[in-house]
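Chains, contacts and geometry: an overview
Chain residues, written in single-letter form:
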Amino acid sequence: MDTANRRPTYRLYPTPAQEQALTAQLEAHRLLYNAALEQRRAAWSRQRVTLSYADQCRDLTPLRQSEDCPLPAQAAQSTLKRVQLAFEAFFRRLKAGQTPGYPRFKSRRRFHGWTYPTHGDGWRLLPREGMQHGRVRLAGVGHVRMRGDARTLGTPKTCTIVCRHGKWYASVVIACQPVRSHGTETMAFDWGVETFATLASLEETPQPVANPRFFGASEAKLQAAYRARDRKRQCSHGWRLANRRVAQIHSTIARQRLDFHHKQAAAMIDSATVVITEQLQTANMSRRPKPKPDESTGQFLPNGAASKAGLNKAILDSAPTQFLGILRYKAAEAGVVYVEAPTRALKPSQRCHACWTVAPKPLHQRWHICACGASCGRDENSARVLLVWGVRHILSVFLATLWLRQWSQELAPGLGLQNLPREPKA
Ligand SMILES: [Zn+2]
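Residues numbered from 1 in each chain as written. Predicted model: local features only at pLDDT ≥ 70, side-chain atom pairs only at ≥ 80, totals over all residues. Heavy atoms only, no water.

Remarks on the packing of aromatic side chains
Our working definition: Ring geometry is summarised as follows: Phe, Tyr and Trp rings, the Trp one being its six-membered ring, pair when their centres sit within 6.5 Å, and such pairs are stacked at plane angles under 30 degrees, edge-to-face over 60 and tilted between the two. The helix and strand labels rest on DSSP assignments: H or I over at least four residues marks a helix, E over at least two residues marks a strand, and numbering proceeds from the N terminus. Each residue is assigned to one of three classes by its accessible area relative to the maximum for its type, calculated with a 1.4 Å probe on protein chains only: buried under 20%, partly exposed between the two thresholds, exposed over 50%.
Using the criterion set out here, one finds 12 aromatic pairs in the structure. For the pair Phe 196 and Phe 323, a centre-to-centre distance of 5.1 Å together with 80° between the ring planes defines the contact as edge-to-face. Remark: Phe 323 occurs in helix 8 (residues 320–334) and Phe 196 occurs in strand 10 (residues 195–201); sequence separation between them is 127 residues. You can call Phe 196 buried: its relative accessible area is 1%. An aromatic cluster is built from Phe 189, Phe 196, Phe 214, Phe 260 and Phe 323, whose rings are joined through pairwise contacts.

Here's what the structure looks like:
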């Protein structure tokens with residue numbers, strides 16, 4: 001694989017003095033962000049002048065010279081860059097006809113960190129052997145102890161310091177050439193809610209992968225934490241503590257899920273050389289059902305919103321988009337062929353894997369029975385459909401490539417087509 005960027009995150013363990021320095025820097029970055037935002041607002045409202053990132057960087061220089069600005073120049077510029085990005089996003093959405101909110105001033109609760117864009121300027125990574133653990137040197141803070149592990153060794157590029165729930169992290173971008181081993185199976189999988197995935201391969205009988213349902217498992221605990229928080233006066237000391245508890249449970253669930261996704265994707269790539277799945281539109285799948293008005297009475301009929309809300313929770317709990325993202329990049333690392341079938345055209349859950357006829361079946365029907373004699377679980381059928389589709393698709397692409405090559409070598413010269421423009425490099 002070519003050079004790629006990977007972003008391992010190290011947990012930082014600052015001493016009390018270092019933590020004070022880190023907090024002071026976070027606050028300085030936050031004030032700088034708000035000042036830059038105010039400068040842009042004022043310039044426009046008073047003089048109808050649009051300030052650019054370059055203008056604000058220019059104004060930063062005298063500021064850093066006159067006052068005792070504790071921030072390294074590049075890190076301060078990267079905070080100004082964030083103001084620029086906020087405005088770019090705002091205007092892009094306006095143009096697209098959406099209704100975005102104007103970039104906001106950041107309170108302490110909304111401001112979590114800052115970035116050093118160049119290694120050696122304001123920060124230096126000093127890991128132990130294998131880029132494991134060690135220390136990171138930050139200007140104005142010192143050598144901070146860190147724990148973490150980069151899977152692939154490489155050159156550090158940028159570093160983002162983040163403070164979440166009172167813990168400090170360094171998220172480091174490393175330019176590296178990741179490698180990963182892979183297996184030999186041709187594998188298709190159907191993502192689901194009942195089981196997390198059903199794996200079908202040419203070699204073995206379909207296997208279900210259990211859905212761990214991390215959110216479901218912690219839901220009672222989470223509800224209790226919310227109730228405890230809501231009994232307290234908002235923004236009081238006790239309320240803040242209870243609110244932190246809620247945030248901690250949420251972040252635990254997210255980390256459990258991420259860990260599971262990484263391990264599951266790694267296990268699949270480890271045994272496969274081709275992975276076939278379907279395109280998933282999580283935002284569309286987890287949409288609320290439309291209200292059903294009753295024409296005669298003017299009231300609303302039951303539209304299944306409550307049960308759909310439960311299903312949506314389960315869909316978002318297994319987070320298929322995150323999983324597919326992880327699977328895709330691990331496949332690229334290993335050189336595994338990764339194909340996504342067009343779900344709407346193929347309809348894997350409605351189609352029979354044996355005779356290819358489409359017969360609609362409602363979601364509660366968990367068993368697939370067809371007139372052709374095929375009989376298996378619904379998810380198993382979908383996985384088999386994807387497998388058949390994927391093998392056909394890969395074969396047809398392969399044959400088309402062969403044919404094109406043959407055609408261009410034999411026929412094209414006679415037709416005077418050899419000077420056709422080449423396809424642009426991706
Ligand atoms: Zn059939």
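Things to note about the sheet that holds strand 11 (residues 207–210)
Condition: We treat two strands as partners when DSSP finds at least two bridges between them. Note on geometry: axes are C-alpha line fits, over the in-contact stretch for helices, and angles between N-to-C directions span 0 to 180 degrees. Here, residues are in contact when the closest pair of their heavy atoms is within 4.5 Å.
Read across the sheet, 5 strands follow the order 11-10-9-12-15 without closing on themselves; strand pairing throughout is mixed. Only two strands of the sheet have a single partner each, and these edge strands are strand 11 and strand 15 (337–341). In this sheet, adjacent strand axes meet at a mean angle of 25° when their direction is disregarded. Bridging between strand 10 and strand 11 involves 4 bridges; their strand directions are antiparallel. Across the sheet, the residue bridging to Ala 197 is Val 209, located in strand 11. The strands that helix 8 touches are strand 9 (185–191), strand 10, strand 12 (272–278) and strand 15; relative to strand 15, the one it contacts most, it runs at about 145°. Here helix 10 (residues 378–410) sits on the sheet and contacts strand 9, strand 10, strand 12 and strand 15; the angle it forms with strand 9, its principal contact strand, is near 135°.

Some thoughts on the pairing of strand 4 (residues 123–126)
Here is the key point about a regular strand: its side chains alternate between the two faces of the sheet. Going residue by residue along strand 4, you find Trp 123 and Leu 125 tucked away on one face and Arg 124 and Leu 126 left uncovered on the opposite face. Taking the residues between adjacent antiparallel strands as the criterion, strand 4 and strand 5 (residues 132–138) are bridged by 5 residues, where Gly 130 takes a positive phi near 75°.

Brief notes about a positive patch on the surface
We count it as follows: Only residues whose relative accessible area exceeds 30% and that form no salt bridge are eligible for patches; like-charged ones are grouped when within 9 Å, while nonpolar side chains (Val, Leu, Ile, Met, Phe, Trp, Tyr) are grouped when within 5 Å. Computed with a 1.4 Å probe, the accessible areas rest on the Shrake-Rupley method; for each residue, only the protein chains presented here act as cover. Any Lys or Arg side-chain nitrogen located within 4 Å of an Asp or Glu carboxyl oxygen qualifies as a salt bridge. Counted charges follow a simple rule, with Lys and Arg positive, Asp and Glu negative, and His plus the chain ends left uncounted. Charge placement uses NZ in Lys and CZ in Arg. For Asp and Glu, CG and CD serve respectively.
Taken together, the side chains of Arg 104, Arg 109, Arg 110 and Arg 240 make up a positively charged region of the molecular surface. For Arg 240, the location among the structural elements is in helix 5 (residues 237–271). By relative accessible area, which is 48% here, Arg 240 ends up partly exposed.

Looking at the coordination of the zinc ion
Stated precisely, the cut-off is as follows: Any N, O or S atom lying within 2.8 Å of the metal counts as a donor, with the limit raised to 3.2 Å for Na, K and Ca; because water is left out of the atom set, some sites can appear incomplete.
Bound to the zinc ion on the protein side are Cys 352 (SG), Cys 355 (SG), Cys 370 (SG) and Cys 372 (SG), at distances that span 2.2 to 2.3 Å. Positions of the donor residues of the zinc ion, expressed as sequence spacing, correspond to C-x2-C-x14-C-x1-C. For Cys 372, a relative accessible area of 41% corresponds to the partly exposed category.

Structural notes on helix 10
Our working rule: One less than the number of residues in a helix, times 1.5 Å, gives the span that helix is expected to have.
Look at helix 10: 48 Å from first C-alpha to last across 33 residues, which is about the 48 Å you get at 1.5 Å a residue. The set of residues buried in helix 10 consists of Arg 378, Asp 379, Asn 381, Ser 382, Ala 383, Val 385, Leu 386, Leu 387, Trp 389 and Gly 390.

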